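Structure at a glance
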Amino acid sequence: MKKRSIALLFATAALTATPALAQKGGFSGPDNTNAAAAAKGGFVGPDAASTTVEQAKSLRDDAWVALEGNIVRKLGKELYEFRDASGSINVEIDDHVWNGVTITPNDKVRIEGEVDKDWNSVEIDVKKVTKG
């Protein structure tokens, strides 16, 4: 009986302490502009600095870029032409990345993704599209 009482006491203590030990994780530091996002975890701070198409073409493979300009035409199933003041580049945008947002060639957009260098071509593998 005594062992059962002690076990019950430890189990109760463990259950009440568990929420205090649970942590959300992520980075929260200078320029923390969104406390709600910080509570969910992840990085909260300034976005990636904008890059031009010309600069993106000279970056290493898998470099993260943020470009601002226009998606001017569709080239294939998930392949589009993106253009800013410095030039144009092909971008691959998976269907789920659109998140229901409709974009026309007249809409200014910000795309974020990775440089994808092949032997003779450079394109951007887009992970996020923002209108405006």
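Source: prediction; values computed, not measured. (Residues numbered from 1 in each chain as written. Predicted model: local features only at pLDDT ≥ 70, side-chain atom pairs only at ≥ 80, totals over all residues. Heavy atoms only, no water.)

Regarding its fold elements, the protein chain presents 3 helices and 5 strands. Going from N to C terminus, the protein chain has its helices and strands arranged as α-α-α-β-β-β-β-β. Taking all 132 residues of the protein chain together, 26% fall into the buried category. Counting contacts in the protein chain only where the partners sit at least 6 residues apart, residues at least 24 apart contribute 46% of the total. For the protein chain, the accessible area works out to roughly 9,200 Å², and carbon and sulfur atoms hold 55% of it. (Helix = DSSP H or I, 4+ residues; strand = E, 2+ residues; numbered from the N terminus. Buried < 20%, exposed > 50% of the residue type's maximum accessible area, 1.4 Å probe, protein only. Contact = heavy atoms within 4.5 Å. Areas by Shrake-Rupley, 256 points an atom, 1.4 Å probe, with all protein chains shown as cover.)

Across soluble globular proteins, nonpolar side chains show a tendency to be buried alongside one another. Core analysis: the biggest nonpolar cluster contains 20 residues, and Phe82, Val91, Ile93, Ile111, Ile124, Val126 and Val129 have the highest contact counts within it. Every residue in contact with Phe82, bar those within four places of it in the chain, is listed here: Val53, Leu67, Glu68, Gly69, Asn70, Ile71, Gly87, Ser88, Ile89, Val91, Val109 and Ile111. (Core = buried A, V, L, I, M, F, W, Y, C linked by side-chain atoms within 4.5 Å.)

In this structure, strand E1 (residues 64-74) lies alongside strand E2 (residues 79-84), joined through 4 bridges in antiparallel fashion. The residue of E2 that forms the bridge with Asn70 is Arg83. Hairpin connection, E1 to E2: the antiparallel pair is bridged by 4 residues. The pairing of E2 with strand E3 (residues 87-93) spans 6 bridges and is antiparallel. From the neighbouring strand, Glu81 faces E3, where its bridge partner is Asn90. (Pairing = 2+ DSSP bridges.)

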